Amino acid sequence: MPTPVVAQGVCKRFGDLVAVDSLDLEIEPGECFGMLGPNGAGKSSTMRMIGCVSPITCGRLDVLGCDVRTRGREIKARIGVVPQEDNLDAELRVEENLLVYAGYFGLRRRAARRRTQELLEFMGLEDRAADLVRTLSGGMKRRLVIARALVNEPELVLLDEPTTGLDPQARHHIWERLRLLRSSGATLLLTTHYMEEATHLCDRLVIMDRARVRILGTPRDLIRGQVPRHVVEVTRDGIDGDPVSRLMHILGPHATDLESLGDRIQIHTDDSRAVLDRLATAGVDDAAVFERMATLEDVFLRLVSPPEGT
Ligand SMILES: Nc1ncnc2c1ncn2[C@@H]1O[C@H](COP(=O)(O)OP(=O)(O)OP(=O)(O)O)[C@@H](O)[C@H]1O
Ligand SMILES: [Mg+2]
């Protein structure tokens, strides 16, 4: 099986704006690969170049062993795409959306009907087959877009924010389906703003910021390698006076990694016991203190520069 995605020095420019800069990436067959990054980081631009709907400005990009500059049609026939914005035909019925798509891929009527039925069942939409798309909820529409992306049994599926705006149950349902898809051999490339989603689903991921990849690794290695193991959060109003300098004083040698985040101060530490003891000894109210394991979100916040003007 060819390497699903190989990018070498790929960039994308819109006039003077650099949306993707010198991207080097190799996605392995059968893996679920994630792209994280703040708004405007260049995730969708990358997806669109891989999906052959947006030409690369420079570099070389091979998808399923084919050069995107010359073999876009062939690539499109072998991939599935879930775009960031739903682009379903709202005036068609649910099943018609899939049948029309099956037609694009050259499936005959009977095969198209069978595939449509299978996919509606796979995504839990069989009861809504005859309903107009505009009567579906946001989560159902997202499931339908995913079903539609699978019509041609793609080797590589591009999912641009597949679960944005969905409730936790709908999100878990999609995660379960994506895991099944991956175990059936498909390669998945997904973007998400949900760190938990990336942690649970992705074998490896990159964090992008301002058009560039900042880091690549497995979720576990990124968490272990980039931040201390624990975070003790203290709410600002739980501390008298200037909270940061007070905490520095209370924590002494354990105050090496403090971060102010909105209404909380985060203390990153490998020795949360010592931090908690010092807070208790100093009389900090227990209700203002919260201890947790470090997550991918901590890695993200550390690596990604805050937007200009903040
Ligand atoms: N068609 C376009 N024309 C001009 N600029 C564009 C176009 N598409 C994207 N951009 C710009 O390229 C940059 C990267 O955008 P992109 O959509 O790839 O970001 P993203 O990482 O997907 O962000 P989000 O998380 O908000 O979806 C942004 O500055 C955006 O304004
Ligand atoms: Mg995007």
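The structure under discussion appears in the preceding block.
Quick look at the structure, then. (Residues numbered from 1 in each chain as written. Chains lettered and ligands numbered in written order. Predicted model: local features only at pLDDT ≥ 70, side-chain atom pairs only at ≥ 80, totals over all residues.)

On to the sheet that holds strand S2 (residues 17-27), then. As summarised here, the arrangement of the four strands in space is S2-S1-S4-S5, forming an open sheet in which the pairing is antiparallel. Two strands lie at the open edges of the sheet, namely S2 and strand S5 (66-67), each paired on one side alone. Pairing of strand S1 (residues 5-14) with strand S4 (residues 58-63) involves five bridges; the strand directions are antiparallel. Bridging across to S4, Ala7 finds its partner in Leu61. (Pairing = 2+ DSSP bridges. Helix = DSSP H or I, 4+ residues; strand = E, 2+ residues; numbered from the N terminus.)

What follows is about helix H11 (residues 296-303). Buried residues of H11: Leu296, Asp298, Val299 and Phe300, and no others. Residues of H11 that are buried make contact with strand S3 (32-36), helix H7 (195-201), strand S9 (204-209), helix H8 (219-226) and strand S11 (230-235). (Buried ≥ 20, exposed ≤ 12 C-beta atoms within 10 Å, placed from the backbone. Contact = placed C-beta atoms within 7 Å.)

Position of Gly65 among the secondary structure elements: in the loop between S4 and S5. Residue Gly65 is classed as partly exposed on the basis of its C-beta count, with 14 C-beta atoms lying within 10 Å. Residues Gly65 and Thr135 lie 70 residues apart in sequence; the distance between their C-alpha atoms is 40 Å.

Another point: the sheet that holds S9. With mixed pairing, the six strands of this open sheet are ordered in space as S6-S7-S8-S3-S9-S10. Edge strands, defined here as strands with exactly one partner in the open sheet, are strand S6 (79-82) and strand S10 (212-217). Pairwise comparison of adjacent strand axes, ignoring direction, gives a mean angle of 15° for this sheet. Sheet topology places strand S7 (residues 156-160) next to strand S8 (residues 187-191); five bridges connect them, and they run parallel. Bridging across to S8, Leu156 finds its partner in Thr187. Across the sheet, helix H1 (residues 43-50) touches S3, S7, S8 and S9, and the angle it forms with S7 is around 150°. (Axes fitted to C-alpha atoms, helices over the stretch in contact; angles between N-to-C directions.)

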